[in-house]
Amino acid sequence: MLFTDLINSLITDTTQSIPRFGVELCLSATIVLMLLMRLSGLDRLIPACLTATVGALVATFLAYKQFDALHAKDAVVTTHIFTGLLVHDSFTVFFRGFLALFLLLTVALTSLTGIPDEEDSPDFYSLLFGATIGMMLMASANNLLMLFIGVEMTSVPSYAMVGFLKGRKVSSEAALKYVVYGAGAAGVMLYGISLVGGVLGTTDMSLLSQRLAEAAAGGSGGLKDPEVRTVALGTMLVMVGLAFKLSLVPFHFWCPDAFEGASAEVAGFLSVASKAGAFGLLVRFCLALSGAKGTESLMISFGLGLGFIACITTTFGNLAAYTQTNLKRLLAYSTIAHAGYMVMAVAALLVLKNSPQAATLTENINQSIEGLLYYLVVYLFMNLGAFAVIAIARNYTFSEEVDSFKGLISQSPTLCIVMLICMFSLVGMPPFGGFVGKLFIFASAFKAGEVHGFMYVVVAFGALNTVFSLVYYIRVLRTMFLEARPADARPVPVRLVSWESAFVVTLAVFVLLLGVLPHMMSQTANDAAQAIAQLPNP
Amino acid sequence: MSEEIQQLVLWLIPVAPLASAVITALLGPKLLRYKSHLPCWSALAVSFVCSLILLLKILPSIGSAAVDPGEIGTFAGPQVLVSGYEWLNVGDLHANIELRADSITAIMLSMVTGVSLLVSMFGSGYMSHDLGYPRFFAAVSMFVFSMCMLVLSGSFALLFVFWEAVGLCSYLLIGFWFQKPSAAAAAKKAFVVNRIGDFGLIMGIFLIWTNFGSLDFVTVLSDSARIAAVEVKNPGVIQLICFCLFLGAMGKSAQFPLQVWLPDAMEGPTPVSALIHAATMVTAGVYLVARCTPLFVMAPNAQLAVSAIGAATAAIAALTALTQMDLKRVLAYSTVSQLGFMFMALGCGAASAELVTPAVTAGMFHLFTHAFFKALLFLAAGSVMHAMGDVIDMRRFSGLKHALPITHWTFLVGAAALAGVPLLAGFWSKDDILAVLAEASHSKEHGLFFGVIWAVATGTAFLTAFYTFRAYFMTFCGPEKFPEEAGHHPHEATPIMAWPLRILAVCAALIGLAVGPTHLFANYLQKTMGLTPVPPESQHLHWGVMALSSVVAIAGIGLAWMFYVASPKVPGAIASAMKPLYLISQGKFFLDEILKALVVLPLVGIAKLATVFDRGVIDCIVDSIGAIPRALSSIPRQFHTGVVSSYAGFMWAGVVAAVVLVLTMF
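Criteria and thresholds
- Residues numbered from 1 in each chain as written.
- Chains lettered and ligands numbered in written order.
- Predicted model: local features only at pLDDT ≥ 70, side-chain atom pairs only at ≥ 80, totals over all residues.
- Heavy atoms only, no water.
- Helix = DSSP H or I, 4+ residues; strand = E, 2+ residues; numbered from the N terminus.
- Rg over C-alpha atoms; globule rule 2.2 N^0.38 Å.
- Buried < 20%, exposed > 50% of the residue type's maximum accessible area, 1.4 Å probe, protein only.
- Contact = heavy atoms within 4.5 Å.
- Areas by Shrake-Rupley, 256 points an atom, 1.4 Å probe, with all protein chains shown as cover.
- Lys, Arg positive; Asp, Glu negative; His and termini not counted.
- Charge placed at Lys NZ, Arg CZ, Asp CG, Glu CD.
- Buried area = accessible area lost by both parts, 1.4 Å probe.
- Polar contact = N/O pair within 3.5 Å; in protein donor to acceptor, adjacent residues only side chain to side chain.
- Nonpolar A, V, L, I, M, F, W, Y, C, P; charged D, E, K, R; others polar.
- Axes fitted to C-alpha atoms, helices over the stretch in contact; angles between N-to-C directions.
- Parallel < 35°, antiparallel > 145°, perpendicular 65-115°, else oblique.
- Left-handed = near helix turned anticlockwise from the far one by under 90°.
- Disulfide = S-S within 2.5 Å.
- Phe/Tyr/Trp six-rings, centres within 6.5 Å; stacked < 30°, edge-to-face > 60°.
- Lys NZ or Arg CZ within 6 Å of the ring centre and 35° of its normal.
- Salt bridge = Lys/Arg side-chain N within 4 Å of Asp/Glu carboxyl O.
- pLDDT = per-residue confidence, 0-100.

**Description of the overall build of chain B**
If you tally the helices and strands in chain B, you get 27 helices and 2 strands. Its C-alpha atoms give chain B a radius of gyration of 28 Å, near enough to 26 Å, the size a compact globule of 666 residues would have. Oriented by its inertia axes, the alpha-carbon framework of chain B measures out at about 105 × 65 × 50 Å. Buried residues in chain B amount to 56% of all 666 residues. Within chain B, residue pairs in contact and separated by at least 24 positions form 79% of the contacts whose partners lie at least 6 positions apart. For chain B, the exposed surface amounts to about 26200 Å²; the carbon and sulfur share of it is 72%. Of the side chains in chain B, 34 bear a positive and 34 a negative charge, and the two mean positions are spaced by 11 Å.

**Focus on the overall build of chain A**
Within chain A one finds 19 helices and 2 strands. Taking 24 Å as the expected radius of gyration for a compact globule of 538 residues, we find that chain A reaches 23 Å, a close match to that expectation. With respect to the three principal axes, the spread of C-alpha positions in chain A is 75 × 55 × 45 Å. Classification of the 538 residues of chain A by burial places 62% in the buried group. Considering only contacts within chain A whose residues lie at least 6 apart along the sequence, 81% involve residues at least 24 apart. Surface accessibility of chain A: about 18600 Å² in total, with carbon and sulfur atoms responsible for 68%. A distance of 5 Å separates the average location of the 29 positive side-chain charges in chain A from that of its 32 negative side-chain charges.

**Some words on the interface of chain A and chain B**
Taken together, the 43 residues of chain A in the interface contact 31 residues of chain B. Looking only at chain A, the three residues that lose the most surface to chain B are A:Tyr181, A:Phe253 and A:Tyr322, adding up to 19% of its buried area. At the boundary of chain A and chain B, one finds 1 residue pair in polar contact (both at pLDDT 80 or more). Of all elements in the fold, only helix H7 (169–200), helix H9 (226–246), helix H10 (254–261), helix H12 (296–321), helix H13 (327–353), helix H16 (433–448) and helix H18 (499–516) of chain A reach the threshold of two or more residues within the side of chain A that touches chain B. The leading source of residues in the side of chain A that touches chain B is H7(A), at 7 residues. Among the residues forming the side of chain A that touches chain B, the class breakdown is 30 nonpolar, 7 polar and 6 charged.

**Topic: the packing of H12(A) against H13(A)**
Residues and elements named next belong to chain A. Packing of H12 against H13 brings their axes to within 7 Å, and their N-to-C directions diverge by 160°. On the basis of the axis angle, H12 is roughly antiparallel to H13. The hand of the H12/H13 crossing is left-handed. In terms of residue class, the contact of H12 with H13 is built from 19 nonpolar, 7 polar and no charged.

**Brief notes about the state of the cysteines**
Residues and elements named next belong to chain A. Following the criterion strictly, the structure yields 0 disulfides over all chains and no others. Cysteine cysteine 311 shares no disulfide, and the gap to the nearest cysteine sulfur, in cysteine 286, comes to 16 Å. Since its relative accessible area comes to 5%, cysteine 311 is described here as buried.

**Section: the packing of aromatic side chains**
Taken as a whole and assessed by the stated rule, the structure comprises 45 aromatic pairs over all chains. Ring centres of B:Phe365 and B:Phe521 lie 4.9 Å apart, and the angle between their planes is 35°; on these two criteria the pair is classed as tilted. Of this pair, B:Phe365 sits in helix H16 (residues 356–387) while B:Phe521 sits in helix H21 (residues 520–525), and the two are 156 residues apart along the sequence. The residues B:Phe365 and B:Phe521 share a single accessibility class, namely buried. Among the aromatic residues, those joined into a ring-pair cluster are B:Tyr34, B:Tyr133, B:Phe136, B:Phe137, B:Phe176 and B:Trp177. The ring of A:Tyr341 is capped by A:Lys438, whose NZ or CZ atom sits 4.3 Å from the centre of that ring. When the ring centre of B:Phe191 is taken as reference, the NZ or CZ atom of B:Arg195 above it lies at 4.3 Å.

**Things to note about the environment of A:Pro256**
Examined against the element boundaries, A:Pro256 turns out to sit in helix H10. Remark: the alpha-carbon pair of A:Pro256 and A:Leu330, spanning 74 residues in sequence, is separated by 8.0 Å. Leave out the neighbours within four places in its chain, and A:Pro256 touches A:Arg329, A:Ala332, A:Tyr333, A:Ile336 and B:His640.

**Some thoughts on the pattern of salt bridges**
All names here are of chain A. With the rule as written, the count across this model stands at 20 salt bridges over all chains. Residue glutamate 173 is joined to lysine 177 by a salt bridge in which the shortest nitrogen-to-oxygen separation is 3.0 Å. In this pair, glutamate 173 and lysine 177 both sit in helix H7, 4 residues apart, roughly one turn of the helix. It is possible to trace a salt-bridge network through shared partners that takes in Glu173, Lys177, Asp257, Glu260 and Arg329.

**A word on the confidence of the model for chain A**
Confidence along chain A averages 88 in pLDDT terms, with 97% of residues attaining 70 or more. Confidence, read as mean pLDDT per element, is least for helix H19 (residues 519–533) of chain A in chain A (82) and greatest for H13(A) (93).

**A few points about the environment of B:Thr458**
Residues and elements named next belong to chain B. By the secondary structure assignment, threonine 458 is in helix H19 (residues 447–476). In this structure threonine 458 comes out as buried when scored by relative accessible area, which is 13%. Sequence-wise, threonine 458 and alanine 315 are 143 residues apart; in three dimensions their C-alpha atoms are separated by 9.9 Å. Apart from the residues lying within four places of it in its own chain, the contact partners of threonine 458 are Leu434, Leu548 and Val552.

**So, the environment of A:Ile421**
Residues and elements named next belong to chain A. Mapping isoleucine 421 onto the fold places it in helix H15 (residues 413–427). Isoleucine 421 gets classed as buried once you look at its relative accessible area, which sits at 15%. Distance in space between the C-alpha atoms of isoleucine 421 and glycine 385 is 9.0 Å, their sequence separation being 36 residues. Once residues within four sequence positions are removed from consideration, isoleucine 421 is found in contact with Phe432, Ala508 and Val511.

Have a look at this one:
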């Protein structure tokens, strides 16, 4: 190939790729703009939160335009962009829209509660936007290297955001712990990537399954083949890295400390967005290795392993949440438990997809991804709602302890009712969105039980944990609704007609709508699932 | 009429009252206050107009296309289906909400919305000084919404939801004056007794689900071959389903022995008695049985039970009504008795297959006319109560016909219609029922059975005329007497109360004549799914039955006149002569006491035992289960030391475990 040909093909590739990369570019441009404004002192005139809001709005609008096209059947054709480093399909678009919307909501929340003060806000928003770009890359990665870059691009700003409350000892300590584990997990993951990539001779994720099948067919063949075993080991290590991001037991230790140390806004962002990105990546990675001839039983084992981890994680998270007195810490454990529920969907996906009957189960395979996506969307609204209530109340009480919420109903009924809706949805009670999400996930895990009986155990664990989780959520609600507000408690006068109320009520309305009108979202999620599983519904 | 307009019309019928309920509940106490009737009136007017459009315009326009009389048994009739929204579609679970309207629905809707509109107008006058004014209208709107949804439901599941919803509204309205202990107790009683019926209903629904695999009306009811197949597969199951459904109907429609709640329900405001406990909600049971005719046809024993229970209820309630002194209670027992008439008719299909459709028609026709004259009677009684300062004991007032002229003549029309005076509404429908019963008594198999039922029905018709006019004569004739609570000048109903009375009186007088002998009602109703239209040549008027029922009615009225106007000493003499019988009637057959001894006391005993068990055993178990997570949660806490190196250690151990697992497993 001539050099000019190479250049030419790169130019055409890039020009074709850039329009599909608009959202990320817009976010990058906003970062540059904020930093330039800080340099030139313009941020004194135009506050950074305004710039950030505008940037997030434009990004959301762009993402929405792509997202809207999902409704038209086959509107998004799967294309590899940037020489195959990233992939652009309905799944990517779904996550892009999801993350952009979440970014917008987080920016709105931070400007309401004013958590980065004016001096620091350009830095804060740069970190926030940077992390979001990283998550988008995670969800669209098509190359093992992009996988790593995406994870790191998300992690590094996250460390800084956790420690953003300078001068608070807890905050710095949390950030430090986070960095240490993050670094460790990244090392493990990188090692896994090099094993997989080295043995299979490619880092292109769309080729992995084919190469794996070749490796399984050649040599001594089957699962005893050293190459296959090396790949299995590498896969395991990559999953450990992702398990760190998803805070699965036993890689979750950073999570409660980080959430307690970080401000509620950051904790809300991390609990939803970084999970979402990591789940996008996990699904892509699992599917990339699935369906290779000769290694199905290996992948089913991975699925069951994930199911096992899911059981441990939900149980552990729910049990630990039981005795927490700090709300952020309580929600951190609840986040761990919810990650467990969502991993059940991935486990079901792996088991179904690699089962001998996979051809007849396409609808269920799609449903497992659909359930995960639906749950993530619901989780966005309900978890952000809970964290937002905490953040808003904190601005009045300067405390995030459960006790500081005693009898809040008498002063801010709106906040309390939003909290009630969010928590009931977190438990999974109809008619709120959490119920529908759980139903989708449990239904697909139950279906996977037909392939391997262990998945029934997983469903049973999920159901039992749902009951357990009720206890600690209700305890918070009881404190808010039934106990008397102590006379010396600081008042929380959040009125119904205020920006704060409008924000949390909007979130609560979405939680309710997602429960009452599941079709609003489930069809889109199903389209995205079909695109990534490359299995049209029968 | 285009599809969209049909959808809109059908949706507006329930949604308008719902909107009114929400608006009144939210804004009523602070903003609307004594204008709270406005949303309710406008919503009910919208619903009523939409129901009429459905009844007169939409269904007939479909009817011409869909009627296919050739296929008997799979005839689905004209219907409008509006799928509301699909809630869930996971695996085999499809939870949808859809509205379905056919002839029987349209008739019920027009009746419900029309009567409730008039009652709500009356109510705004009647309740005008009540502190709970907004609450009243919010609850009434909610009730109309639930009732409309009940009859619009396209499946048993949705029907059950709104079956419970009307029960809830009824509870709220019986206990409207919850400060009164008697009202609170009556509300509780109604709720609890209805639970027994609801148990039957939900068992029936479960059985339908397991045997038919669907709860959709069309799937379950429209195909008689399928029902027969289910019966062949599981002999006796259809009968069981029918008994269960009928138990539900017995609770809601106050049939023996579950009728005890209805007379007590008169503790609620009188407009509520008129609307819920006379005209609409209590007929839901009749509607259910009529709707499920295709199932009942397959279960003759269940039909015989329906007739027998109906007859027993009608007779017992009529005998009880003879001696009651509370005007509203007389009307309440008469409602129970008339509901018994409707059930008597519904069971006649057991006699022969040709009788199924006329039987359902007769029952539904009586339901329809009854709604008008009974609502009228209750509202007139409410007007009496309003004038008498909330006194309703007939011994304490008399001769009101000059003081309350409008109330007097409207009550007279209603009473005459109820008694079955020729040409008035009740005459036609009661005559239909008697005719169907008479025809059933000629059948070979169950001739004797239906002969007895027919005799009971005729006797009860006589009693009906008697006690109705006893109440009329005691209230409006004789020397003029007012209780002290009424003050010096009892005031006649205000225009807002008088006009609904007049309109209802006109309906009670004419509606039977308009749609009965002309067969308009029958022809319309028989297009319902599951019914076989009766060909026009075999529709005729039953002159013999008519003559007999006229004689019976006139005789009852005459006897009442003799006893209570001509020679007022006679009743007292008879009562003392037949003291035991009199006491049984006055004591309402001691059903409350019997039920208390047979059901309530054992239940209380069981409840006490259960409490001991609950406290001693269950609570212990639950507490210890509750302690488990608390105890277990100390385990995760052990790991969270906050020390970086220990965290790292656990993580390292996790990685090593994973690696070892992979290396050893394969």
